[in-house]
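Structure assessment
This is what each chain is made of:
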Amino acid sequence: MELFQLGKFKSHAGIDLPWKIECEALSLLDWKCIAEMILDCERTSFRTVVGIPRGGIALANELQRHATGEPRHRTLVVDDVLTTGTSFREYLRKNSWGETDVLCWVVFAREGCP
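Residues numbered from 1 in each chain as written. Predicted model: local features only at pLDDT ≥ 70, side-chain atom pairs only at ≥ 80, totals over all residues. Heavy atoms only, no water.

1. What to know about helix 3 (residues 86–94)
Listed as buried for helix 3 are Thr 86, Phe 88, Tyr 91 and Leu 92. On its buried face, helix 3 sits against strand 3 (46–51), strand 4 (74–82) and strand 5 (102–109). At the C-terminal side of helix 3, Ser 96 shows a positive phi close to 55°. (Buried < 20%, exposed > 50% of the residue type's maximum accessible area, 1.4 Å probe, protein only. Helix = DSSP H or I, 4+ residues; strand = E, 2+ residues; numbered from the N terminus. Contact = heavy atoms within 4.5 Å.)

As structure tokens, then:
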């Protein structure tokens, strides 16, 4: 399975895409390395980690062991690929989280993060 794929695809938001990033091609070691990269960049502690289903689950699993459990810290919300930001917005709204309640990380962004 290739990480970068050409073809005709539909985004979560229903947008036609000429290519996609297939993160199921990443190995467990890849996810561990990506988690370490995030930890090197993210100097803020986080209480817990949640992954946006499906793409964010593997990354959340790797980051969870670094969570503090401290109620004063924010929740880290992660996903694999951001296309329009629809998944993030829907997930945050569904869980009644505001922007100040969470830290957000995405591995690949097809456009600017909201």
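Once the structure has been displayed, the description carries forward.
2. Examining the side chain of Thr 75
Among the structural elements, Thr 75 can be located in strand 4. In this structure the side chain of Thr 75 is engaged in a polar contact, spanning 2.8 Å, whose partner is the side chain of Arg 47. Every residue in contact with Thr 75, bar those within four places of it in the chain, is listed here: Arg 47, Thr 48, Val 50, Trp 97, Asp 101, Val 102 and Leu 103. (Polar contact = N/O pair within 3.5 Å; in protein donor to acceptor, adjacent residues only side chain to side chain.)

3. Observations concerning the nonpolar core
In this structure, Val 49, Leu 59, Leu 63, Leu 76 and Val 78 are the most contacted members of the largest nonpolar core, which totals 17 residues. If you list the elements that add at least two residues to this core, you get helix 1 (28–41), strand 3, helix 2 (57–63) and strand 4. For this core, the element with the most residues is helix 1, which contributes 5 residues. Residue contacts for Leu 63: discarding those within four places in its chain leaves Ala 35, Ile 38, Leu 39, Phe 46, Val 49, Leu 76 and Val 78. (Core = buried A, V, L, I, M, F, W, Y, C linked by side-chain atoms within 4.5 Å.)

4. Comments concerning the packing of aromatic side chains
Taken as a whole, this structure holds 2 aromatic pairs when the rule is applied. Look at Phe 4 and Phe 108: their rings are 6.0 Å apart centre to centre, the planes differ by 80°, and that puts the pair in the edge-to-face class. Highlighted residues: Phe 4 in strand 1 (residues 4–10) and Phe 108 in strand 5, separated in sequence by 104 residues. (Phe/Tyr/Trp six-rings, centres within 6.5 Å; stacked < 30°, edge-to-face > 60°.)

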